[in-house]
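Summary of structural features
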Amino acid sequence: MPLYLRFLKPPRCTLSRFPKTNYLTVSTLVTITSDLGESFYPYQATLKCDLLGQDSHPSNNNETYLISSVNLMWNAGSRNLKVEMNTSIPPGGYLAKRDCELVLRVSSENPKCADNLLDYQPGLGIGIISAWSASFKIPEPGVGSSAGGFVERRLQLSRNSTLRVWEETGESIARHIWDGGIALAAYLAQYHQSNEGSLALLQEKLREAKQLKVLELGSGCGIVGLALAALRGSCHVLLTDLPSAEEISQRNLQHSQKQLQGDVSFQILDWDDPVPPSTSPDIILIADCTYNPDSAASLVRAIEKCVNGSRETIIALAHKKRHDSETLFFDLMGKHFQMVNHSEFSTLPAKHARLF
């Protein structure tokens, strides 16, 4: 069961000048919660906070440098933890560069970090996904600067591929990563590595040599579609969601270009509106879209219209059961589609992947 480190307040940076040296103070407030923030990590944890310098010059490929590090204790029963780091700035050192940008990374030392999707195996237990802040500059004395209201997840998909996905630190569920997306992305990563898995028809489709046409409904931050495009070159993935998800989707498309092998684009789609012109995709991806019974009928109708009568389309759906009313969606799906594969992720309780 993954939990998530989150910034309750974007990291803030202040600069203090003294006769012999300058001091940089970076502060923030973090928490450890479930995907939608409805529960907190209830046990003790050791967190590592790293202040990193990131050279913004394009020729240096955003190379990072460790500036300072501190370990902090998250106590059982906590709801938040204050982070404050103080660092001296020697004249002529790295921090004195004008083009230097800073990034704050907060990760878990114990329990183990859950950033490697290849590690999601039965018996893994609870892991915590790390948080990387947006970059921020060293300010003028007495002014202060803050990172933007985003957090980056760096998820390892293979030995040579790390997917970097942004989500917002605010309250919008459309712009957060959900457990179902993590589960389906982990399945894709593990199948890519081992060619083994329990969703046989999906695996057969992924083994096809042709260019795959993939549609993701309710894509949110786009983690599933981006993961597939990072792992497989011969595919075009269309991410779709409501207008509220467009900004975070475009941000992730822009920032993940170097990690992608396939083509990815985003289009606004309300499930009650006409579907994209490119119908009958090879694969339809859906992650954590069954939680709202009020939209169940609209989602099923949208799937029907996208499939457009094709018997070759595979629908891969991952969900975390949050309440009993979700059965309405599956009852409606059963009237139009046949479920052919089902897999339960035992490391992610109440999370399932289904194929129709």
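Conventions adopted
- Residues numbered from 1 in each chain as written.
- Predicted model: local features only at pLDDT ≥ 70, side-chain atom pairs only at ≥ 80, totals over all residues.
- Heavy atoms only, no water.
- Patch = residues over 30% accessible without salt bridge, like charges linked within 9 Å, V, L, I, M, F, W, Y side chains within 5 Å.
- Areas by Shrake-Rupley, 256 points an atom, 1.4 Å probe, with all protein chains shown as cover.
- Salt bridge = Lys/Arg side-chain N within 4 Å of Asp/Glu carboxyl O.
- Helix = DSSP H or I, 4+ residues; strand = E, 2+ residues; numbered from the N terminus.
- Buried < 20%, exposed > 50% of the residue type's maximum accessible area, 1.4 Å probe, protein only.
- Contact = heavy atoms within 4.5 Å.
- Axes fitted to C-alpha atoms, helices over the stretch in contact; angles between N-to-C directions.
- Parallel < 35°, antiparallel > 145°, perpendicular 65-115°, else oblique.
- Left-handed = near helix turned anticlockwise from the far one by under 90°.
- Core = buried A, V, L, I, M, F, W, Y, C linked by side-chain atoms within 4.5 Å.
- Polar contact = N/O pair within 3.5 Å; in protein donor to acceptor, adjacent residues only side chain to side chain.

**Notes on a nonpolar patch on the surface**
- Where nonpolar side chains cluster on the molecular surface, the patch consists of L36, I173 and Y291 and spans about 220 Å² of accessible area.
- Following the sequence through the fold, Y291 ends up in the loop between β16 (283–287) and α5 (296–307).

**Description of the environment of I223**
- Tracing the sequence through the fold places I223 in helix α3 (residues 223–231).
- By relative accessible area, I223 is classed as buried at 5%.
- The contacts of I223, once residues within four sequence positions are left out, are L155, L163, V165, I177, G181, I182 and A185.

**Comments concerning the packing of helix α1 (residues 179–194) against α3**
- Remark: α1 packs on α3, axes separated minimally by 8 Å, with the N-to-C direction vectors making an angle of 15°. Viewed along their axes, α1 and α3 adopt a mutual orientation that is roughly parallel. The crossing of α1 and α3 is right-handed. For the pair α1 and α3, contact is made by G181, I182, L184, A185, L188, A189 and H192 and by I223, V224, A227, L228 and L231, respectively.

**Examining the nonpolar core**
- Grouped together as the largest cluster of nonpolar side chains are 77 residues, with contacts concentrated most on L117, I182 and I223.
- Every residue in contact with L117, bar those within four places of it in the chain, is listed here: L155, Q156, L157, I182, A185, A186, A189 and Q190.
- By size, the runner-up hydrophobic cluster in this structure holds 23 residues, among which are L238, I286, I303 and V307.

**Some details on the side chain of E101**
- Relative to the helices and strands, E101 resides in strand β6 (residues 100–110).
- Residue E101 is classed as buried on the basis of its relative accessible area, which comes to 16%.
- Engagement of the side chain of E101 in a polar contact is seen with the side chain of S135, the distance being 3.4 Å.

**As for the pattern of salt bridges**
- Summed over the entire model, instances satisfying the criterion amount to 18 salt bridges.
- Close ionic contact of R322 with E38 constitutes a salt bridge, the shortest N to O distance being 3.9 Å. Of this pair, R322 sits in the loop between β17 (314–320) and α6 (327–334) while E38 sits in the loop between β2 (22–33) and β3 (45–55), and the two are 284 residues apart along the sequence.
- Residue classification places E38 among the exposed positions, given a relative accessible area of 51%.

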